[in-house]
Amino acid sequence: MRPELAINLVTLGPSIDFGAAVRLCAAYGIQHIGVTKEQVRSIGAGEANRVLRGEGISVTGYARVPAFPRRDEGGWQAALDEAFRVVDEARTIGAATLIATGGQSGGEYKDLHRARLYFAEGLEILLHRARQVGLPVSLEPLHPMYAADRGLFFTLRQAVDFCHTLPDKVGVIVDAYHLWWDPNFVDDLTRATGLIRGYHISDWRLPTRSLLTDRAMMGDGCIDLPRLRRLVEEAGYRGPHEVEIFSELDWWKRAPEETLKTCIERFATHC
Ligand code: ZN
């Protein structure tokens, strides 16, 4: 049986507003979308929820948990306020999970190990709040090219091991773009069985022109997506497969409807 297709709204680019993007997805039979806090805040979580319910669309993942600085630093309270805000927003829009990547160290921390300790401290407080409202939280490891400025976890193994140190059960998001290269991916998927709360798909463009916004459409890059799909399904994941394409130089320049139609076609033929 084919898995369900989800669309991360980032895929449709910045030219379309939240409401129009949701309605476009609904018109093409998409029942699940992933969203960022920037998209939701553009109209407010309450209004976003109203639009989603009106179209019968559910939210897969809500991105993202903020970075946490050292507890005695000035940004700590602001990070905590932001953490509670994203929990509330994720609940308001009924997201299946809130996504954490470790935050954006932004060059603030050269010591990634220490940065993970700070992150764990903030995340534990967030998890307490998330538990109170019944919101699952998931950690998404990023490609190591983001080590200097975005993520704190770069392999599935690292993410799963970190999750096991936390007081609450935290799931993981498997993103083909971030993890396709990892020689331990097969073993690590086995270790992640029961923890996988999302599977993101796109492709790796050659040559890559931007570290952040040059993901390719499925079938236009070098990732063996049918193999990854088989592995993720063998690890027990049964949820939607979510297209997540950041593409400033290509897909975001096209009409969102063309991008969406291509996602649907390629999902059927190349995933
Ligand atoms: Zn992702």
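I will try to describe carefully the structure that is included in this document. Every residue gets a number counted from 1 within its own chain, in the order that chain's sequence is written. Given that the model is predicted, a residue must reach a pLDDT of at least 70 before its local features are reported, and side-chain atom pairs must reach 80 or more before they are shown or counted; all residues, however, enter totals for whole chains, interfaces and linings. With hydrogens and water stripped out, all remaining heavy atoms of the structure feed into the side-chain values.

1. Let's talk about the packing of aromatic side chains
The following threshold applies: Planes of paired rings set the category: under 30 degrees apart is stacked, over 60 is edge-to-face and the rest tilted, where pairs are Phe, Tyr or Trp rings (Trp by its six-membered ring) whose centres lie within 6.5 Å. Buried, partly exposed and exposed residues are distinguished by accessible area as a fraction of the type maximum, computed with a 1.4 Å probe on protein chains only: under 20%, between the cut-offs, and over 50%, respectively. Placement of a positive charge over a ring is assigned whenever Lys NZ or Arg CZ falls within 6 Å of the ring centre and within 35 degrees of the normal to the ring plane.
As enumerated under the stated definition, the model contains eight aromatic pairs in all. Aromatic pair Phe68 and Trp76: ring centres 6.0 Å apart, planes at 50°, arrangement tilted. With a relative accessible area of 3%, Phe68 lands in the buried category. On the basis of relative accessibility, which here comes to 7%, the residue Trp76 falls in the buried class. Aromatic pair Phe153 and Phe162: ring centres 4.5 Å apart, planes at 45°, arrangement tilted. Exposure class is identical for Phe153 and Phe162. Each is buried. Between the NZ or CZ atom of Arg2 and the centre of the ring of Phe267, over which it lies, the distance is 4.9 Å. The lysine or arginine in question, Arg254, covers the ring of Trp251, its NZ or CZ lying 3.7 Å from the ring centre.

2. Notes on the sheet that holds strand β10 (residues 241–243)
Cut-off, in case you're wondering: In this scheme, strands are said to pair when DSSP sees at least two bridges between them. The helix and strand labels rest on DSSP assignments: H or I over at least four residues marks a helix, E over at least two residues marks a strand, and numbering proceeds from the N terminus. Angles shown run from 0 to 180 degrees and are taken between the N-to-C directions of axes, each axis being a line fitted to C-alpha atoms and, for helices, limited to the stretch in contact. Any two residues whose heavy atoms approach within 4.5 Å are treated as being in contact.
Around the barrel, which closes on itself, the eight strands sit in the order β1-β2-β3-β4-β5-β6-β7-β10 with parallel pairing between neighbours. Put simply, the sheet's adjacent strands are angled 30° from each other on average, direction ignored. Sheet topology places strand β1 (residues 5–8) next to strand β2 (residues 32–36); three bridges connect them, and they run parallel. Directly across from Ala6, in β2, lies its bridge partner His32. This element, helix α9 (residues 225–234), spans β6 (171–175), β7 (196–201) and β10 of the sheet and lies at about 175° to β7.

3. Regarding the coordination of the zinc ion
The condition is simple: Coordinating donors are taken as N, O and S atoms within 2.8 Å of the metal, stretched to 3.2 Å for Na, K and Ca; because water is absent from the atoms, sites can appear incomplete. Irregular is the label for any site that misses the other tests, which are tetrahedral for four donors with all angles between 85 and 135 degrees, and square planar for four donors or octahedral for six when opposite donors exceed 155 degrees and the remaining angles lie between 65 and 115.
Looking at the zinc ion, one finds its protein donor set to be Glu140 (OE), Asp175 (OD), His200 (ND1) and Glu244 (OE), positioned 2.1 to 2.2 Å from the metal centre. If you look at the zinc ion, its four donor atoms make angles of 82 to 156° with each other, and the shape they trace is irregular. Counting the intervening residues between successive donors of the zinc ion yields the motif E-x34-D-x24-H-x43-E. Residue Glu140 is found in the loop between β5 (137–139) and α6 (156–164), and its partner His200 is found in strand β7; the two are separated by 60 residues along the sequence. As far as burial versus exposure is concerned, Glu140 and His200 are alike and both buried.

4. Points about the pattern of salt bridges
Stated formally: What counts as a salt bridge is simple: a side-chain nitrogen of Lys or Arg found within 4 Å of a carboxyl oxygen of Asp or Glu.
One pass over the full model with this rule turns up 19 salt bridges. Two residues, Arg215 and Glu244, come together in a salt bridge whose shortest N-O distance is 3.2 Å. Taken together, the positions of Arg215 in strand β9 (residues 215–216) and Glu244 in the loop between β10 and α10 (256–270) put the pair 29 residues apart, joining distant regions of the chain. Of the residues examined, Arg215 reaches a relative accessible area of 5% and is grouped as buried. Residue classification places Glu244 among the buried positions, given a relative accessible area of 8%. Connected through shared salt-bridge partners, Lys37, Arg41, Glu82, Arg85 and Glu89 make up one network.

Function cannot be inferred from these measures alone, as they are strictly geometric.
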